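Okay, here's what each chain looks like letter by letter:
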Amino acid sequence: VQLQASGGGLVQAGDSLRLSCAASGGTFSRYTMGWFRQAPGKEREFVAGISRSGGRTDYADSVKGRFTISRDNAKNTVYLQMNSLKPEDTAIYYCAAKWTISTAPVFQGYDDYNYWGQGTQVTVSS
């Protein structure tokens, strides 16, 4: 599956952004999806994940209550709604996919995911 992330940009603290990740070349509904981010000089970290059907989600503690992950299997797209953005949210955001069985949990590990998009830059100014 190929992944194309979009929606990043330069915003001020407190603003909102919605990232999108469009998938192609696979049966989207068979993939657990995740969002990760990587800030300069830091390791890539888990942000949010969503199960195949969208019924299960998981978030990093740092974004709980501010970010929401969702998916539209009819459009082969996963979203990350980011509200109340902070300067520390500045990073390149990557979407990722993992083929899973229907009862699989949401994975948080970088190594759990098989497919990655190219990343989209999010910059939050103070």
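Residues numbered from 1 in each chain as written. Predicted model: local features only at pLDDT ≥ 70, side-chain atom pairs only at ≥ 80, totals over all residues. Heavy atoms only, no water.

Caption draft 1: Local environment of the sheet that holds strand 1 (residues 2–6). Taken in spatial order, the four strands of this open sheet run 1-3-8-7, and their pairing is antiparallel. Of all the strands in the sheet, just strand 1 and strand 7 (67–72) have a single pairing partner and so form its edges. Going from strand to strand, the sheet's axes swing by 15° on average, the running direction of each strand aside. Inspection of the sheet shows strand 1 paired to strand 3 (residues 17–24) by five bridges, in the antiparallel sense. Counterpart to Ser6 in the pairing with strand 3 is Ser20. (Pairing = 2+ DSSP bridges. Helix = DSSP H or I, 4+ residues; strand = E, 2+ residues; numbered from the N terminus. Axes fitted to C-alpha atoms, helices over the stretch in contact; angles between N-to-C directions.)

Caption draft 2: Structural detail: the packing of aromatic side chains. Under the counting rule described, the total for this entry stands at six aromatic pairs. Ring geometry for Tyr113 against Trp116: centres 6.3 Å apart, planes inclined by 65°, an arrangement best described as edge-to-face. The class of Trp116 is partly exposed, set by a relative accessible area of 25%. A connected cluster of aromatic rings, assembled from ring pairs, spans Phe36, Phe46, Tyr110, Tyr113 and Trp116. Cation over ring: Arg71 sits above Phe28, and NZ or CZ is 4.4 Å from the ring centre. Across from the ring centre of Phe107, 5.2 Å away, lies the NZ or CZ of Lys98, which sits over that ring. (Phe/Tyr/Trp six-rings, centres within 6.5 Å; stacked < 30°, edge-to-face > 60°. Buried < 20%, exposed > 50% of the residue type's maximum accessible area, 1.4 Å probe, protein only. Lys NZ or Arg CZ within 6 Å of the ring centre and 35° of its normal.)

Caption draft 3: Up close: the side chain of Thr100. By secondary structure assignment, the location of Thr100 is in the loop between strand 9 (91–99) and strand 10 (115–116). Judged by its relative accessible area of 3%, Thr100 is buried. Polar contacts involving the side chain of Thr100 include one to the side chain of Thr32, which spans 3.0 Å. Those residues in contact with Thr100 that sit more than four places away from it in its chain are Arg30, Tyr31, Thr32, Arg52 and Phe107. (Polar contact = N/O pair within 3.5 Å; in protein donor to acceptor, adjacent residues only side chain to side chain. Contact = heavy atoms within 4.5 Å.)

Caption draft 4: Fine view of the pattern of salt bridges. In this structure the tally under the stated criterion is four salt bridges. Where Arg37 meets Glu45, a salt bridge forms, and the shortest distance between an N and an O atom there is 2.7 Å. Put simply, Asp61 and Lys64 hold a salt bridge, and the shortest N to O gap is 3.2 Å. The class of Asp61 is exposed, set by a relative accessible area of 65%. The structure contains a network of salt bridges with shared partners spanning Arg37, Glu45, Arg66 and Asp89. (Salt bridge = Lys/Arg side-chain N within 4 Å of Asp/Glu carboxyl O.)

No statement about biological role is implied by the geometric values presented.
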